[in-house]
Amino acid sequence: MGDALILYIGLGAIALAFAVAGATLVFAVAGRTGPARALADIEKIYAPGAAAGRQMSAMDRLTQPIMVLLMRLGRKLTPGPLAGSMRRWLDYAGNPPSWLPERVQETQGLGLLVLGVLGGLAGAGLELGGGAARTVFGFLLGAVLGGLVGLGLPLLVVSHFGQKRQQEIQLLLPDTLDMLTLCVEAGLGFDAALVQVATGTRGPLARDVARVLHEMQMGKRRSDALRALADRTSVIELRTIAIAVVQATELGIPVADVLREQSREMRIRRRQRAEERARKVPVKILFPLIFCLFPALFIVILGPGILRIMDTLAR
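All values reported here derive from a predicted model rather than from experimental measurement.

Quick notes on the rules
- Residues numbered from 1 in each chain as written.
- Predicted model: local features only at pLDDT ≥ 70, side-chain atom pairs only at ≥ 80, totals over all residues.
- Heavy atoms only, no water.
- Helix = DSSP H or I, 4+ residues; strand = E, 2+ residues; numbered from the N terminus.
- Buried < 20%, exposed > 50% of the residue type's maximum accessible area, 1.4 Å probe, protein only.
- Areas by Shrake-Rupley, 256 points an atom, 1.4 Å probe, with all protein chains shown as cover.
- Salt bridge = Lys/Arg side-chain N within 4 Å of Asp/Glu carboxyl O.
- Phe/Tyr/Trp six-rings, centres within 6.5 Å; stacked < 30°, edge-to-face > 60°.
- pLDDT = per-residue confidence, 0-100.
- Contact = heavy atoms within 4.5 Å.
- Core = buried A, V, L, I, M, F, W, Y, C linked by side-chain atoms within 4.5 Å.

**Things to note about the overall build of the protein**
- Looking only at helices and strands, one finds twelve helices and zero strands in the protein.
- Evaluated residue by residue, the protein yields a buried proportion of 32% over its 315 residues.
- About 19,800 Å² of surface is accessible on the protein, with carbon and sulfur atoms providing 68% of the total.

**Description of the pattern of salt bridges**
- Under the counting rule described, the total for this entry stands at 15 salt bridges.
- In this structure, the salt-bridge partner of Glu185 is Arg260, at a minimum N-O distance of 2.7 Å. Remark: Arg260 occurs in helix H12 (residues 255-314) and Glu185 occurs in helix H7 (residues 132-185); sequence separation between them is 75 residues.
- One salt bridge connects Asp191 with Arg222, and the closest N-O pair in it is separated by 3.4 Å.

**Structural notes on the packing of aromatic side chains**
- One pass over the full model with this rule turns up two aromatic pairs.
- Aromatic pair Trp89 and Tyr92: ring centres 5.1 Å apart, planes at 90°, arrangement edge-to-face. Taken together, the residues Trp89 and Tyr92, both in helix H5 (residues 80-92) and three residues apart, mark about one turn of the helix. For the residue pair Trp89 and Tyr92, the accessibility class agrees, reading buried in each case.

**Some remarks on the confidence of the model for the protein**
- On average, residues of the protein carry a pLDDT of 76, and 73% of them reach 70 or more.
- Throughout residues 23-55 the model reports pLDDT below 50, and contacts reaching past four residues in sequence, or to other chains, amount to 25 contacts.

**Considerations on the nonpolar core**
- In this structure, Leu173, Leu180, Phe190, Leu226, Leu238, Val245 and Leu259 are the most contacted members of the largest nonpolar core, which totals 30 residues.
- Of all the secondary structure elements, the ones that give two or more residues to this core are H7, helix H8 (190-200), helix H9 (204-217), helix H10 (222-231), helix H11 (236-251) and H12.
- Sort the elements by how many residues they give to this core and H7 lands first, with six residues.
- Counting residues in hydrophobic clusters, the runner-up holds seven residues, among them Met86, Trp89, Val104 and Val158.

Okay, structure coming up:
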């Protein structure tokens, strides 16, 4: 009992230390993202003297080598196809400012170390009474499993947010396409209609449209910007619309006709998805009905009869 108590106290102290260190590293990196990083880049380009004269704080000097080491560790242990998939899911998630690929790799390295150590200690604690060999084996097995979980958990989080954002885009797409079609049929140009959609709607789809406009203002052609939009999404309907507009522009087909046809098909697909979800409702209700409602009904209906039969047999 004494050895187990000491082991659990040690595990708790190590977990607390890793939690404090992880929070410190995360907040230190968060301070260098967003506006702070943008201002630093501006000073580096337009005022190199001011940027060079600024001294790094003690926290920055301490955490920078650690974060570089964690980033390299996460990059080395992540396979190439998995790293490409991570970048693609970051595009699907909208490329949040604080979710840079380097940041995700740093989180992978941190999770690998923290969960690896905690998993190893947990495995050693489970095999504590089985001898030294079993304790070492439990430590290694727990460390490997914990390290794999810590390495893959950030990728799962990124893919979850990417899927959630793409589902929101799919829900917003029919109404947004109707608004775009109405603007074009009212006499606006396609670029002006995109401006109306970006300013008059909310959500991830409006931000993607605003990004298309920004890329066009920076000098990219409309077809290239729309193809980039198709590459940044996993919604088949949005990719189809973008490619259809590009082909209509290149072939000289009126964009209003293409948008009208795509809007009609989008309404049909939305109705089909609603019907599909309605057909799935009975199957989803079946299991709660069997395991929750039927037992209660059986108890209420058959309970008095069973009690009466038991009383009769007892007499």
